[in-house]
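Commentary on secondary and tertiary structure
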Amino acid sequence: IQLLPMKDIKSSEGDHLLLQEEKITKKSEEEDKKEERKKQFLNVQSEDDRKRKMYDSQDALRKKDRARQYLSKRGYEGDISSLQKDADEIQKNMEAPMISIESLSNYCMAACNADVLQITAGVTCLRKLLCKSEEAPVQAIIDSGIVPRLIQLLDPMFPPSLQYEAAWCVTNIANGSREQTQSLTEKGALTKIIALFKSEHENVKEQAIWAVANIIGEETDFRDLAISEGAIKLLISELKTTSNQALIKQGCWAMSNLVRGEPKPPFSLVEEMIPVACKFIHTEKDNDIISNCLWTLYN
């Protein structure tokens, strides 16, 4: 019997072990690939992934619907339309011949005027710029430096029609990117706009709620800031007493945004929204209201 040298035996054993390791590795890789193909075929996702994708899709659709509403909303109601008639005459002279970004500096100058009619005309032109059906010049308006003035015009010392126009401008700016929305929050917009929840004018309240809903829907930090400013208590107080459908619709949109995002706000801060959401689910027929109330409860 021929004996193999010790060196050859060790080499043979090493080759055998190496071959075994390669087989195990290859088998593991094949199993991983098989499992990955299975997941892709069955579209297997974690609960968090499904929830996130479903929420993102729904949220995008809701934002798109809000954008369409911006473009169709033009009128005023009640006493807040009286000042507008005079401002319209001044505005016609400013448009030359239509609202355009080239006249932005003129609109800003009017908005900073001391005369309330000039201010209203200038802010109305800014609002119309932000409501253009094509891409609104949000960044150009921010870069003009007019944002602090728009926030100032939310103050109760100004006429409600002017507050309304300024709140509308803020709403549309908040429909932009996170950075554009931050240009509002870092200048104290949330404090001013949340205070308008207590306005005596329904249109002003509705627009203020809409603006806050847009702001807080962009970032959990903005949401938490709004909660710290008392947004939930003021919102719930309005929703419990109003019968205004437009206000209810915006209020339910705001409620759904007050509980979206991670981490969630403490339950103790948002639990008072539950009975309000349940009430509207059973009493309202508007699909948007019901959908937003369901999203509030879901989150």
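To start, this report covers the structure provided alongside it. (Residues numbered from 1 in each chain as written. Predicted model: local features only at pLDDT ≥ 70, side-chain atom pairs only at ≥ 80, totals over all residues. Heavy atoms only, no water.)

Cis geometry marks the peptide bond from E262 to P263; its omega dihedral reads -5 degrees. When you line up the elements, P263 lands in the loop between α14 (245–258) and α15 (267–270). (Helix = DSSP H or I, 4+ residues; strand = E, 2+ residues; numbered from the N terminus.)

For L126, the location among the structural elements is in helix α5 (residues 116–130). Exposure remark for L126: the relative accessible area of 0% places this residue in the buried category. Along the backbone, L126 and Y107 are 19 residues apart, and their C-alpha atoms lie at a distance of 6.5 Å. (Buried < 20%, exposed > 50% of the residue type's maximum accessible area, 1.4 Å probe, protein only.)

The biggest cluster of nonpolar side chains holds 70 residues, and the ones touching the most others in it are L126, I173, I193 and M255. For this core, the element with the most residues is helix α11 (residues 202–216), which contributes 9 residues. Filtering out sequence-adjacent residues up to four positions away, I193 remains in contact with L154, A167, A208, A211 and V212. (Core = buried A, V, L, I, M, F, W, Y, C linked by side-chain atoms within 4.5 Å. Contact = heavy atoms within 4.5 Å.)

Below, the discussion takes up a nonpolar patch on the surface. A contiguous nonpolar patch, built from F267, I274, L294 and L297 and spanning about 350 Å² of accessible area, is present on the exposed surface. Taking relative accessible area as the criterion, L297 reaches 35% and is therefore assigned partly exposed. (Patch = residues over 30% accessible without salt bridge, like charges linked within 9 Å, V, L, I, M, F, W, Y side chains within 5 Å. Areas by Shrake-Rupley, 256 points an atom, 1.4 Å probe, with all protein chains shown as cover. Salt bridge = Lys/Arg side-chain N within 4 Å of Asp/Glu carboxyl O.)

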